[in-house]
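Given next are the chains, with one letter for each unit.
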Amino acid sequence: MSFFLKNKGNPKVSSAKEKLHGAGRKSDGDGGKRSKSKLSKRLNEEISSDSETESDPVGKKQRRDGEEEIEETAQEKKLRLAKLYLDQLREEEEKRVEDDAFESDLIAGRLQEDVLEQRGKLQRLIAKELVPPEASEIRLLRGHKLPVTCLVITPDDKHIFSAAKDCSIIKWDVESGKKLHKVPGGRKGTEDRHVGHTAHVLCMAISSDGKYLATGDMNKLIMIWEAATCKRLYKFTGHRGPVSGLAFRRGTHDLYSASHDRSIKVWNVDENAYVETLFGHQDAITGLDCLSRERCVTAGGRDRTVRVWKIAEESQLVFHGHESSIDCIQLINEEHMVTGGDDGSVAVWTVNKKKPLTTVKLAHGKCGDPGLEQPCWVSSVAALINSDTVASGSHNSKVQLWKCGQGYRGLEPLFSIPLVGFVNSLKFANSGKFLVAGVGQEHRLGRWWRQKEAKNGLYIIPLKRKDPEVPTTTEPEVEQEER
């Protein structure tokens, strides 16, 4: 009884004791936990130290690598990946820059060629690569009854147009050598009802897009044809003498014509219109040529002058150099040209100098009876545009190819191609892969001579290139290898 009364009488003391006992139990629990953790840590340290002494060096490396991997933080990983990405971008950029540099070099080279071509200073060195063809590789296309007087090659080098003294025009296929179309010649007095020419065709030209073909004859007429179908479109009249030269300005349908009436006329074929007439030559004009500029060049025959006509400026430049009649002319580029005359010489000119840069006299030798020899007339010349290769033809049974020197200041013979007859026309293919010669038994402008053994037709002459040289082992090196 007293026990219960005693506890009941002092409740604060009992609660305080309980609190003190509870706190003591908590502290004993915490102390136990701390002592256990310290003991396990000490054991771990002892075990790890024992394992380090007993493990091999490989284990150390693996542990270090693991420590390093563990040591890389998220920030360091981001930095490392960013560096890798930047390196990859740098490599791709360098590769792209190299490709762009290569492409830009190609484009720069092309642009430089275009600029040189416009300035008339482009000279591709092709002549040194050419080799003479075999006689069996030269093809003869026959279809004209009388001597061939002129020819042109289409811009794609697939077709040839030729005309002759029989007044006919023939369209040929280059690859097969077959006739695709023929416009027959007519008799005198049938001009009103005949579609084609009724007099000797002396000259022809084709536009740079291959759309129009122009032909000129002894009857003072110029006829415009659709090149694809050989359909006659227009007939231009106005010259008072035989039409001896025709040329289209490149990239346009402007046509220049020259005549024995000593005048040059300008026509617009698209509009079927006459534009203007230019005067200056003192004798019959024998040849005319034109490229991209608004100007043309002419050979003045027996007035012994070459003239450059600046159409826009309405002016002309006069050049002297040949000793006799200048019979043919061809532009090499915008500022250089080649001419041939009946004095037997071939000359190369520049528009910046009044005299020829170089002249080769007796380019085709002499011909005639003993004691009465005279130079062989140069009846035709041709030039591979913007290159150092030109060709000339005569009646000494060969076509001569020439190499122009640096800056067109020299003319060296390359090789000759045997052809019997009068070479009245020469044209290089635009690709430079072949040369076409129009040959006849007579000269295109007259009948001073006749070679009966000649065949009237077209000769297609392939222009082969040298094979790339393969380096060979010299004899001393072979001897050393054998030893």
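None of these values were measured; they are calculated from a predicted model.

Take the overall build of the protein chain next. Along the backbone of the protein chain there are 5 helices and 32 strands. Looking at the protein chain as a whole, 44% of its 483 residues are labelled buried. Excluding contacts between residues fewer than 6 apart, the proportion of contacts in the protein chain whose partners are at least 24 apart in sequence is 48%. Counting only carbon and sulfur atoms, one obtains 50% of the accessible surface of the protein chain, whose full area is about 27,600 Å².

Right, let's get into the packing of aromatic side chains. The final tally for this structure, using the stated rule, is 7 aromatic pairs. Their ring planes at 75° and their centres at 6.2 Å tell us that Phe-319 and Trp-349 sit as a pair that is edge-to-face. In this pair, Phe-319 sits in strand β18 (residues 315-320) while Trp-349 sits in strand β21 (residues 346-350), placing the two residues 30 residues apart along the sequence. Judged on exposure class, the residue Phe-319 and its partner Trp-349 are both buried. Each ring, one from Trp-377 and one from Trp-448, has its centre 5.2 Å from the other, and the planes form 65°; the classification is edge-to-face. Of the two residues, Trp-377 sits in the loop between β24 (374-375) and β25 (380-383) while Trp-448 sits in the loop between β30 (434-440) and β31 (457-462), which places them 71 residues apart along the sequence. Feature note: the residues Tyr-234, Phe-236, Trp-267 and Tyr-274 constitute an aromatic cluster, connected by ring pairs.

As for its placement among the helices and strands, Glu-271 is situated in the loop between β13 (263-268) and β14 (273-279). In this structure Glu-271 comes out as exposed when scored by relative accessible area, which is 60%. As a C-alpha pair, Glu-271 and His-253 span 18 residues in sequence and 9.4 Å in three-dimensional space.

Take the layout of surface pockets next. Empty space within the second largest pocket amounts to approximately 200 Å³. In terms of lining residues, the second largest pocket is bounded by 13 residues, among which Arg-302, Ser-325, Asp-327, Leu-445 and Trp-448 are the most central.

Here the focus is the environment of Trp-309. Take Trp-309: it is sitting in strand β17 (residues 305-310). Residues Trp-309 and Gly-280, 29 residues apart in the sequence, show an inter-C-alpha distance of 9.5 Å.

The next point concerns empty space enclosed by the protein. Counted by the stated rule, this structure contains 1 cavity of 30 Å³ or more. Lining the largest cavity we find Leu-291, Arg-295, Val-297, Leu-331 and Glu-334. When the residues that make up the lining of the largest cavity are grouped by side-chain class, the tally is 3 nonpolar, no polar and 2 charged.

Bringing the nonpolar core into the picture now. Ranked by internal contacts, the top residues of the largest apolar core, which has 20 residues, are Val-399, Leu-401, Leu-426 and Leu-435. At the level of elements, β27 (398-404), β28 (411-418), β29 (422-428), β30 and β31 are the ones that each hand at least two residues to this core. Ile-332, Val-381, Ala-383 and Cys-404 belong to the second-largest nonpolar core, a separate cluster that totals 16 residues.

Reading the values: rules and limits
- Residues numbered from 1 in each chain as written.
- Predicted model: local features only at pLDDT ≥ 70, side-chain atom pairs only at ≥ 80, totals over all residues.
- Heavy atoms only, no water.
- Helix = DSSP H or I, 4+ residues; strand = E, 2+ residues; numbered from the N terminus.
- Buried < 20%, exposed > 50% of the residue type's maximum accessible area, 1.4 Å probe, protein only.
- Contact = heavy atoms within 4.5 Å.
- Areas by Shrake-Rupley, 256 points an atom, 1.4 Å probe, with all protein chains shown as cover.
- Phe/Tyr/Trp six-rings, centres within 6.5 Å; stacked < 30°, edge-to-face > 60°.
- 1 Å grid on protein atoms, 1.4 Å probe; cavity = no way out; pocket = protein on both sides within 12 Å on 5 of 7 lines; lining within 4 Å.
- Points joined across faces, edges and corners; volume = space filled by probe spheres on them.
- Nonpolar A, V, L, I, M, F, W, Y, C, P; charged D, E, K, R; others polar.
- Core = buried A, V, L, I, M, F, W, Y, C linked by side-chain atoms within 4.5 Å.

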